[in-house]
Amino acid sequence: MPENIKITLPDNSVREFASGSTGMDVAMSISQGLARNALAIEVNGETWELNRPITTDASVAILTWRDQKGKEAMWHSSAHILAEALEDLYPGIKLGFGPPIKNGFYYDIDFGDHKFGEADFKKVEKKFLELAKTAETFERKDVSKEEAIAHYKNIGNEYKVELIEGLEDGDITFYHSGNFVDLCKGGHIPNSKVIKAMKIMNTAGAYWRGDEKNKMLTRIYAVSFPKKKELDEYLLLLEEAKKRDHRKIGKELELFTFSEKVGMGLPLWLPRGTRLRETLVDFLKKVQEKEGYQQVVTPHIGKKELYQTSGHWEKYGEDSFQPIKTPSEGEEFLLKPMNCPHHCEIYASRPRSYKELPFRVAEFGTVYRYEQSGELHGLTRVRGFTQDDAHIFCRPDQVKEEFIKVIDIVLYIFKVLKFENYKAQISLRDPENPGKYFGSPEQWDAAEKAIEEAADERGLITVKELGEAAFYGPKLDFMVSDALGREWQLGTIQLDYQLPDRFELEFVGSDNQKHRPVMIHRAPFGSLERFTAVLIEHSAGEFPLWLAPSQAIILPIAEKFNDYVVDLQDQFRDAGFRVDVDLRNEKVGKKIREAEIGKYPYMLIIGEQEMANGSVSVRKRKEGDLGAMSNDAFIQYLKDEISEMLA
RNA sequence: GGCUUUGUAGUUUAAUCGGCAGAACGACUGACUUGUAAUCAGUUGGUGAGGGUUCAAAUCCCUCCGGAGCCUCCA
């Protein structure tokens, strides 16, 4: 007599089922429609096939194409079919990993001597769809470790053997679909025929198990969909996203450029980009002044000994730009890869009293880091960049309060710029690799706890990532995605008990004894380069009025108004606005078109009338003609709009 | 750094099998003197660099220098 099991649904209602009931049974009991659309079932957080018997009480959720996990079930199954197609077309290949990802799936393959490239895509896609159409089901089968290893030794796949060796006996399952067998822990759709469209997106080299020392396999990235139309829509979406690429817009709007002669990863900020950047700098400086920061300036190089003291030389010396030498004395200097050691020496320049802490030193500090050539990426990953850096030296009892104040600055910036989808990440040490870090476990515990408390206090929803800490301390990082969904770390707040030690920093306490300060490293933008890149992708180059490199452009309708228009430009400049003029001998329609493409927030059309009454005909970006207003009224209009944005 | 892929004028791009590098926009010159998303005409300018194969190379091969995607890395 089978016992009944209690199944908890997502709305927290509980239903009883006979033990051994399946996901399909659960779906059917809810509705026919749901059963028809069901792809898989989530059982206690794991994705299961709909035909897998459930024998214990469980919390479940039926997964459809509308759930990310439902998509992943389909993509996971698609990875199997892709592998089957590949084995069919290229006998003798060896399979590695083949998981679903955020947007599709991939399979890592050792193709032996065959060079798998774009020429192969069509053939594989065709085979894939043929196989999918045959309505393959995914059958789960328990295998012993011994059997599993024997199977893969037999077909000569050392990768899977290696994977299985790391698994527990009794915990190993194979999935059969059609003529294909794969080591797999499951999470499949019931039937391959629901997959109606598949496209191979690209290939890439990927080290086996992500280790640089291992062999490089060919990773095939692909997506699949239940409808052909959805694939088309997805491809369209990707194309739209590519239009927001900061590298494209940066070129179009003449914000920045790179030069092969100057060197890769070394951005050159053009005049318009520089205006944007300096506006950001001024904005943050104002915020920081209010918060009690003091600006400093330090040189771009420092003696090698400085970095030996800080520990950076030991950690990164080999993989950084190598020291430059003085010609006569042979002294060695490093291009500064960070500003903290310089700021430590500013702190140490005279004795400090507890009364002057927190001491907050800020610098828009340009640093140079050797990044592997393959890592460089537009403005988001470069070899020379400017951090909106500051270091807060404070008493241990001030840490939490100071940390929270920095969080508030980051959140204010995100609010003003409408970065709503950021992720707050607490970056902790890697417990399996303690040798990577300086300092005692006790200090690390304290630091990690302080960050968690500060984040809690501000109600931040955080994710914790092990192994992402800096070598000197844990961090709170703010991640924002670019147009294509790649996450970039922008703001960072880091807690550090190590550098004050290494630089022997001190303050005199109220007890007249010497104490060691704590250091907070923080950069709300992260770097101006990366921040600008993400800002461009978020705004598609349509910067808010206060930030726009040029806030308005004046368009005379004929050359005879040019002199007047230049005077008018001066008037607006005197009022504090960045205003361009278009004095070309072109029709106003063309000037408007190009100003729209140039993403000017406002266009001011000037002709006989406007010159006569001291007015401007205002046209707003993307909205069109706003009608005429007096010059003064327009200035006030701009001021009002800006103060509303920064409120 | 690695794998794959890619490099045509300032920009976007065309060139069937290896067979005269062609256009648009821009820039320059001139005409027109303009009222809310492209006025007309002319001129200018190019195969990333170097080597090889070939009667002939943008096209095939090699080296180097860039770009893109991913892997690794990221103080």
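Before any of the text, the structure's been laid out above.
Rules used in this analysis
- Residues numbered from 1 in each chain as written.
- Chains lettered and ligands numbered in written order.
- Predicted model: local features only at pLDDT ≥ 70, side-chain atom pairs only at ≥ 80, totals over all residues.
- Heavy atoms only, no water.
- Pairing = 2+ DSSP bridges.
- Helix = DSSP H or I, 4+ residues; strand = E, 2+ residues; numbered from the N terminus.
- Axes fitted to C-alpha atoms, helices over the stretch in contact; angles between N-to-C directions.
- Near = heavy atom within 4 Å.
- Polar contact = N/O pair within 3.5 Å; in protein donor to acceptor, adjacent residues only side chain to side chain.
- Nonpolar A, V, L, I, M, F, W, Y, C, P; charged D, E, K, R; others polar.
- Disulfide = S-S within 2.5 Å.
- Buried < 20%, exposed > 50% of the residue type's maximum accessible area, 1.4 Å probe, protein only.
- Lys, Arg positive; Asp, Glu negative; His and termini not counted.
- Salt bridge = Lys/Arg side-chain N within 4 Å of Asp/Glu carboxyl O.
- Contact = heavy atoms within 4.5 Å.
- Patch = residues over 30% accessible without salt bridge, like charges linked within 9 Å, V, L, I, M, F, W, Y side chains within 5 Å.
- Areas by Shrake-Rupley, 256 points an atom, 1.4 Å probe, with all protein chains shown as cover.
- Charge placed at Lys NZ, Arg CZ, Asp CG, Glu CD.
- Parallel < 35°, antiparallel > 145°, perpendicular 65-115°, else oblique.
- Left-handed = near helix turned anticlockwise from the far one by under 90°.
- Phe/Tyr/Trp six-rings, centres within 6.5 Å; stacked < 30°, edge-to-face > 60°.
- Lys NZ or Arg CZ within 6 Å of the ring centre and 35° of its normal.

**Some remarks on the sheet that holds strand 30 (residues 579-581)**
Thought 1: Pairing within the open sheet is mixed, and its five strands lie in the order 30-29-31-32-33. Every other strand in the sheet has two partners, leaving strand 30 and strand 33 (624-630) as the edge strands with one partner each. Across the sheet, the mean angle from the axis of one strand to that of its neighbour is 25°, orientation sign disregarded.

**Quick word on the protein's contact with RNA strand B**
Thought 1: Around RNA strand B, a shell composed of 51 residues is seen, among which Ser373, Glu375, Asn585, Arg593 and Glu610 lie nearest.
Thought 2: A distance of 3.0 Å separates a base oxygen of RNA strand B from a polar backbone atom of Gly205.
Thought 3: Gly589 places a polar main-chain atom, nitrogen or oxygen, 3.4 Å from a sugar or linking oxygen of RNA strand B.
Thought 4: If you list the elements that add at least two residues to the surface near RNA strand B, you get strand 12 (197-207), strand 13 (216-225), helix 8 (246-252), helix 11 (312-316), helix 18 (588-597), helix 19 (608-613) and strand 32 (615-620).
Thought 5: Split into classes, the residues belonging to the surface near RNA strand B amount to 17 nonpolar, 14 polar and 20 charged.

**So, the state of the cysteines**
Thought 1: Tallied over the entire structure, the rule returns zero disulfides.
Thought 2: Among the cysteines around Cys340, which has no disulfide bond, Cys344 carries the closest sulfur, lying 6.7 Å off.

**So, the sheet that holds strand 2 (residues 14-18)**
Thought 1: With respect to topology, five strands assemble into an open sheet ordered 2-1-5-3-4, the strand pairing being mixed. Two strands close off the open sheet at either side, each with one partner strand: strand 2 and strand 4 (46-48). In this sheet, neighbouring strand axes are inclined to one another by 40° on average, regardless of whether the strands run parallel or antiparallel.
Thought 2: Two strands pair when backbone bridges link them, and strand 3 (residues 40-43) and strand 4 are joined in this way by three bridges, in the antiparallel orientation. Looking across to strand 4, one finds that Ile41 is bridged to Trp48.

**Points about the side chain of Glu537**
Thought 1: Looking at where Glu537 falls in the secondary structure, it is placed in helix 16 (residues 528-539).
Thought 2: Buried charge without a partner: Glu537 forms no salt bridge, and the closest opposite charge is Arg486, 5.4 Å away.
Thought 3: Sequence-distant contacts of Glu537, defined by excluding residues within four places in its chain, comprise Arg244, Asp245, His246, Asp482 and Ala483.

**Re the pattern of salt bridges**
Thought 1: Evaluated as defined, the whole model comprises 44 salt bridges.
Thought 2: One salt bridge in this structure joins Asp445 and Arg429, with 2.7 Å as the shortest N-O distance. Taken together, the positions of Asp445 in helix 14 (residues 441-457) and Arg429 in the loop between strand 22 (422-428) and helix 14 put the pair 16 residues apart, joining distant regions of the chain.
Thought 3: The partly exposed category is assigned to Asp445, whose relative accessible area is 44%.
Thought 4: For Arg584, the salt bridge identified is with Asp582, shortest N-O distance 3.0 Å.
Thought 5: With relative accessibility at 8%, the residue Asp582 sits in the buried group.
Thought 6: Salt bridges linked by common partners bring Arg360, Glu401, Glu402 and Lys405 together as one network.

**Some points on a negative patch on the surface**
Thought 1: Residues Glu146, Glu147, Glu168, Asp169 and Asp171 make up a contiguous surface patch of negative charge.
Thought 2: Here Glu146 lies in helix 5 (residues 145-154).
Thought 3: Note on Glu146: relative accessible area 68%, which makes it exposed.

**Let's talk about a nonpolar patch on the surface**
Thought 1: Side chains of Ile301, Ile324 and Leu335 sit close together on the surface and give an oily, nonpolar patch of about 210 Å² of accessible area.
Thought 2: Structurally, Ile301 is set in strand 17 (residues 301-303).
Thought 3: In this structure Ile301 comes out as partly exposed when scored by relative accessible area, which is 34%.

**Some thoughts on the packing of helix 13 (residues 399-416) against helix 14**
Thought 1: Following both chains from N to C, one finds helix 13 and helix 14 inclined at 50°, their axes separated by 9 Å at the closest point. It follows from the interaxial angle that helix 13 and helix 14 lie oblique. In the packing of helix 13 onto helix 14, the handedness of the crossing is right-handed. Across the interface between the two elements, Val399, Lys400, Phe403, Ile404 and Ile407 from helix 13 touch Ala450, Ile451, Glu453, Ala454, Ala455 and Glu457 from helix 14.

**A closer look at the packing of aromatic side chains**
Thought 1: In this structure the tally under the stated criterion is 32 aromatic pairs.
Thought 2: The structure contains a cluster of three or more aromatic residues connected by ring pairs, namely Phe414, Phe419, Tyr422, Phe478, Phe525 and Phe531.
Thought 3: Directly above the aromatic system of Trp269 lies the positively charged group of Arg277, at a separation of 4.9 Å from the ring centroid.
Thought 4: Over the ring of Tyr347 we find Arg352, and its NZ or CZ is 5.4 Å from the ring centre.

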